[in-house]
Amino acid sequence: MSEHIAVIEQAGVLEIHIDRPDKKNALTAAMYRAMTAALADASDRADIGAVLFAGRGDAFCAGNDLKDFLAGPEGGAAAFAFIRAIAAFDKPLVAAVQGLAVGVGTTMLFHCDLIYAAPDARFVMPFVNLGIVPEAGSSLLAPALMGHAKAAAMLMLGEPMDAQGADRVGLVTAIVPADQLLDHARAKAAALMAKPPQALAVTRRLMKGDPATLTARIDEEARLFRESLTSPEAQEAFTAFFEKRAPVFRRG
């Protein structure tokens, strides 16, 4: 387990807390591996009926720790392993989101069933801004959920969406006062745990539909993501990010 991922069990609910508040809960390879292991453990155990994701501090998750991610292939491999694990997870997933949810901090939510957001939640998918492409099936799931036009604003322009906007397009289940957020999400996870498990599992599977299409899109995104990382556009975007300047992209 990573020192920045806390796993808590409460009455049949496994809670995964992203616990790196000084870095806005940006994810490292070790953190991805810890979350993937926690999901595998929850999937294998009959006594765990639901999983709850939460972030410590004033942010849910600021996405990848770019320095860690770009240090070598390990970061990308761990990230894509987590994406495949959360997409394939077969039990209910609940999320409590406050503050920033950037990159995978947003795309992982497309695989959750109940998402509760604090009023200050802010969802951002800035992949194109970094010269890369979407991941976690978001290029398929975002347009299906919110329509092409809203998804294009997020995925093509990289525009953020606030909690109210996310509520309107159905990205979140409800907006909850910040001081009640975690308790509310815990109560809903406990309510899921109390339901007939087989009926709940079948209902969730029917709602999710055929997984083959999603799996194929996640694999396609992963291939294109890896290719885009080495592109001149991505190199300029990442260099500009670390140099705290506006990137300059060449055309033609």
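Preceding this section is the structure that the text describes.
Each value, and the rule that gives it
- Residues numbered from 1 in each chain as written.
- Predicted model: local features only at pLDDT ≥ 70, side-chain atom pairs only at ≥ 80, totals over all residues.
- Heavy atoms only, no water.
- Helix = DSSP H or I, 4+ residues; strand = E, 2+ residues; numbered from the N terminus.
- Rg over C-alpha atoms; globule rule 2.2 N^0.38 Å.
- Contact = heavy atoms within 4.5 Å.
- Areas by Shrake-Rupley, 256 points an atom, 1.4 Å probe, with all protein chains shown as cover.
- Lys, Arg positive; Asp, Glu negative; His and termini not counted.
- Charge placed at Lys NZ, Arg CZ, Asp CG, Glu CD.
- Pairing = 2+ DSSP bridges.
- Expected span 1.5 Å × (residues − 1).
- Buried < 20%, exposed > 50% of the residue type's maximum accessible area, 1.4 Å probe, protein only.
- Arc of directions from axis to C-beta.

Caption draft 1: Geometry of the overall build of the protein. The secondary structure content of the protein amounts to 11 helices and 9 strands. A compact globule built from 252 residues should have a C-alpha radius of gyration of about 18 Å, and the protein, at 18 Å, falls within 12% of that. Nonlocal contacts in the protein, meaning residues at least 24 apart in sequence, comprise 72% of its contacts between residues at least 6 apart. About 12,000 Å² of surface is accessible on the protein, with carbon and sulfur atoms providing 57% of the total. In the protein, 25 side chains carry a positive charge and 29 a negative one; their mean positions are 3 Å apart.

Caption draft 2: Molecular detail of the sheet that holds strand S7 (residues 122-124). Read from one edge of the open sheet, 3 strands run S5-S7-S8, paired in mixed fashion. Of all the strands in the sheet, the pair left with one neighbour each is strand S5 (100-102) and strand S8 (161-162). The pairing of S7 with S8 spans 2 bridges and is antiparallel. Bridging from a neighbouring strand, Arg 122 pairs with Asp 162 of S8.

Caption draft 3: Structural view of helix H8 (residues 181-193). Between the first and last C-alpha of H8 there are 18 Å, a value that for 13 residues agrees with the 18 Å anticipated at 1.5 Å per step. Buried residues of H8: Leu 181, Ala 185, Ala 189 and Leu 192, and no others. Mapping the buried residues of H8 onto a view down its axis gives an arc of 60°, with all of them on the same face. As for H8, its buried residues are in contact with strand S2 (13-18), strand S3 (50-55), strand S4 (93-97), strand S6 (114-117) and helix H9 (197-208).

Coordinates in, geometry out; function isn't part of it.
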